[in-house]
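# Observations on chain architecture
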Amino acid sequence: MPRFFAGRTRRLESFSQSAQVTLLAALIALSWPHGADAADPQSDLDAGIQAFRASQLERARVLFLRAADAGLDSPRLFYNLGVVHYRLDDPETAQGYFRRAAEDDGTRQIAEYNLARCAQALGRMADAALWYERAAAGDDPRISALARRAASALEPRLRQPWSLEARLSGGFDSAVVGLVDQVTSQPTDEADVLHEVQAVADYLGPSRDWGELAARMHVYHLGYDSVHQANVQSVGGRARWQRDWSARQRSTLSASLAQEWLDGQAYQLRQALALGWSHTVGASRLLHELEVEWLNSQYAGANGIEGLRADVSSAWLRRAFSGVALLRVSGQYNQRRRDENSPWRFAAEVLWRSPQVGPWYWAPGLQWRDSRFPDGVLPREQRVRVMLRGGSPISPSWESRVDVQYEHNRSADSNREYEHLRLLISLVWSKG
């Protein structure tokens, strides 16, 4: 399963929990019995609640504000004003109303919980932790449980900015294909055993008004016992700026650099820029990215790969069947020195990760890719890849994994057609 998918799974879990918690908090407030407030302001409050339930958020906001302007002074009104402003992506205003609701004993605990949500949406993690702590100490066990769970999810961000992961894998490939995800794939039809070593370090800086800075460094090695020409080594890094414009919208800008070798021989230098945008729609999250990469060969025999690669992709992420599902479509344009390395590519994939079932989780996936070359220099290619991962935590820092992958690339050119089965057993260590 691609690393990309594992990272986006954690992000969706955080987003989904946030949406569910906010909705639950709103329902708690809206279900309280009516008091004996003044007639007209109370009518506006009741109408605002009905508009909120009908997802007419702007109308609900106007009605709540009109009730406040008419002199209605109640924690229930302030709480609902906080909820509707949060739902309208205005946590700064929402927290002012939640503070007023927190002054009353009847609304203090749920208002403190939502003050934590506002602080987290604004990137003020230390404030969020403090409000969660206060909400967890309240009398309502439902709100206390929500606050403890949210505080626990927040702890890694508060402890340290660095996270590390290392993986050691061994396995078998029924027919080795060199550089399998690049335009220069090299089918060998030779079976071989293999090993992989990978280390990744991630850094996430403190949240500022202008956003956050993040960085990643990686080292990777793939080695075969006999088919040495398919051995790959890579060292690289990426710097990323990201900003949450609201509780539902984020933009990213990143630059990356990687040096790759084939069996110890310098092969290519990769330089890329990427622009991303993500936003929520209902219970789903949509992620869009445009990446442009420049590739430079490192020896004369590989100068045909030099040139430009551009990728545009959209992904849909949401909870499904008690797990997390990802659907992604993408298009790729290549302008390399040689036409046989310059296909247009279109791809689609669907991935799903199950919840923990006993000691294991399971993650099946299916990918399809279509490659079309300019001027008929090579026949059209279609590749299908079927994947299955099983993972079992050994301890908080260690996990064992089993990956099975079947791949079939179809082409009218017999030299470019291949199929193979790959089995990999891994031990993964992570921290932070």
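I will try to describe carefully the structure that is included in this document. (Residues numbered from 1 in each chain as written. Predicted model: local features only at pLDDT ≥ 70, side-chain atom pairs only at ≥ 80, totals over all residues. Heavy atoms only, no water.)

On to the overall build of the chain. If you tally the helices and strands in the chain, you get 8 helices and 16 strands. Within the chain, the fraction of its 432 residues that count as buried is 45%. When contacts within the chain are restricted to residue pairs at least 6 apart in sequence, long-range pairs at least 24 apart make up 53% of them. When the accessible surface of the chain is totalled, it reaches about 21,100 Å², and 56% of it is carbon and sulfur. (Helix = DSSP H or I, 4+ residues; strand = E, 2+ residues; numbered from the N terminus. Buried < 20%, exposed > 50% of the residue type's maximum accessible area, 1.4 Å probe, protein only. Contact = heavy atoms within 4.5 Å. Areas by Shrake-Rupley, 256 points an atom, 1.4 Å probe, with all protein chains shown as cover.)

Turning our eyes to something else, we now look at the nonpolar core. In this structure, Phe64, Leu77, Phe98, Tyr113 and Tyr132 are the most contacted members of the largest nonpolar core, which totals 39 residues. If you tally residues by element for this core, the top one is helix α6 (residues 108-121), at 8 residues. Val176, Leu222, Val232 and Leu424 belong to the second-largest nonpolar core, a separate cluster that totals 14 residues. (Core = buried A, V, L, I, M, F, W, Y, C linked by side-chain atoms within 4.5 Å.)

Right, let's talk about helix α5 (residues 91-101) for a bit. When α5 is considered as a whole, its buried residues turn out to be Pro91, Ala94, Gln95, Tyr97, Phe98 and Ala101. Angularly, the buried residues of α5 cover 165° about the axis, an arc narrow enough to put them on a single face. In the core, the buried residues of α5 are packed alongside α3 (57-69), α4 (75-87) and α6. (Arc of directions from axis to C-beta.)

With that settled, the discussion passes to the packing of aromatic side chains. Working definition: an aromatic ring pair is given by the centre-to-centre distance plus the angle between the planes. Considering all chains together, one arrives at 5 aromatic pairs under this definition. For the pair Trp162 and Tyr203, a centre-to-centre distance of 5.1 Å together with 50° between the ring planes defines the contact as tilted. Taken as a pair, Trp162 in strand β1 (residues 162-173) and Tyr203 in strand β4 (residues 192-204) lie far apart in primary sequence, 41 residues in all. Accessibility expressed as a relative area gives 39% for Trp162, which makes it partly exposed. Assessed through its relative accessible area of 28%, Tyr203 is described here as partly exposed. Between Trp360 and Trp362, the ring centres sit 5.6 Å apart and the planes meet at 15°, which makes this aromatic pair stacked. Sitting over the face of the ring of Phe78, Arg100 holds its NZ or CZ atom 3.9 Å from the ring centroid. (Phe/Tyr/Trp six-rings, centres within 6.5 Å; stacked < 30°, edge-to-face > 60°. Lys NZ or Arg CZ within 6 Å of the ring centre and 35° of its normal.)

A word on the environment of His85. Here His85 shows up in helix α4. C-alpha separation for the pair His85 and Glu58, spaced 27 residues apart in sequence, amounts to 9.0 Å. With residues up to four places along the chain from it excluded, the contact list for His85 reads Arg61, Asp90, Pro91, Thr93, Ala94 and Tyr97.

Moving on, we come to the pairing of strand β6 (residues 232-244). Pairing analysis gives 11 bridges linking strand β5 (residues 212-224) to β6, with the strands arranged antiparallel. Paired with Leu222 across the two strands is Val232, which belongs to β6. (Pairing = 2+ DSSP bridges.)

Here we take up the side chain of Ser278. Assignment of secondary structure puts Ser278 in strand β8 (residues 265-281). Exposure remark for Ser278: the relative accessible area of 5% places this residue in the buried category. In terms of polar contacts, Ser278 uses its side chain to reach the side chain of Arg285, at 3.1 Å. When neighbours within four sequence positions are excluded, Ser278 is seen to be in contact with Arg248, Gln249, Arg250, Arg285, Leu286 and Leu287. (Polar contact = N/O pair within 3.5 Å; in protein donor to acceptor, adjacent residues only side chain to side chain.)

Attention shifts here to unusual backbone geometry. Even without being a glycine, Ser55 presents a positive backbone phi close to 65°. Mapped onto the elements, Ser55 comes out in the loop between α2 (39-53) and α3. The exposed category is assigned to Ser55, whose relative accessible area is 54%.

Moving on, we get to α3. In this model α3 runs 18 Å from its N-terminal to its C-terminal C-alpha over 13 residues, within 8% of the 18 Å that 1.5 Å per residue would give. Note on α3: the residue one or two positions beyond its end, Gly71, has a positive phi of about 105°. (Expected span 1.5 Å × (residues − 1).)

This paragraph deals with the packing of α5 against α6. Between α5 and α6, the least distance of the axes is 9 Å, while the angle of their chain directions is 160°. If you check the angle between α5 and α6, you find them roughly antiparallel. Here α5 runs over α6; the crossing is left-handed. Every residue of α6 that contacts α5 at Pro91, Ala94, Gln95, Phe98, Arg99 and Ala101 is listed here: Arg108, Ala111, Asn114, Leu115, Cys118 and Ala121. (Axes fitted to C-alpha atoms, helices over the stretch in contact; angles between N-to-C directions. Parallel < 35°, antiparallel > 145°, perpendicular 65-115°, else oblique. Left-handed = near helix turned anticlockwise from the far one by under 90°.)

What follows concerns the environment of Ala128. Mapped onto the fold, Ala128 is located in helix α7 (residues 125-136). Exposure remark for Ala128: the relative accessible area of 0% places this residue in the buried category. The sequence separation of Ala128 and Cys118 amounts to 10 residues, and the corresponding C-alpha distance is 7.7 Å. Non-local contacts of Ala128, meaning those with residues more than four positions away in its chain, are made with Ala116, Ala119, Gln120 and Leu154.

Here we come to the pattern of salt bridges. Pairs can form between side chains of opposite charge once their charged atoms are near each other. Taken as a whole and judged by the stated rule, the model has 25 salt bridges. Linking Glu196 and Arg422 is a salt bridge whose minimum nitrogen-to-oxygen distance equals 3.1 Å. In this pair, Glu196 sits in strand β4 while Arg422 sits in strand β16 (residues 418-431), placing the two residues 226 residues apart along the sequence. On the basis of relative accessible area, Glu196 is assigned to the buried category, the value being 6%. What makes Arg422 buried here is its relative accessible area of 16%. In this structure, Glu260 and Arg270 form a salt bridge, with 3.0 Å as the shortest nitrogen-oxygen distance. (Salt bridge = Lys/Arg side-chain N within 4 Å of Asp/Glu carboxyl O.)

The next point concerns the pairing of strand β9 (residues 284-297). Pairing of β8 with β9, which is carried by 14 bridges, proceeds in the antiparallel orientation. Considered in β9, the bridge of Trp277 is made with His288. The antiparallel pairing of β8 with β9 creates a hairpin that spans 2 residues between the two strands, and Gly282 there sits at a positive phi of about 60°. One ladder, built from 11 bridges, connects β9 with strand β10 (residues 307-320); its direction is antiparallel. Each bridged residue has a counterpart across the sheet, and for Arg285 the counterpart in β10 is Leu317.

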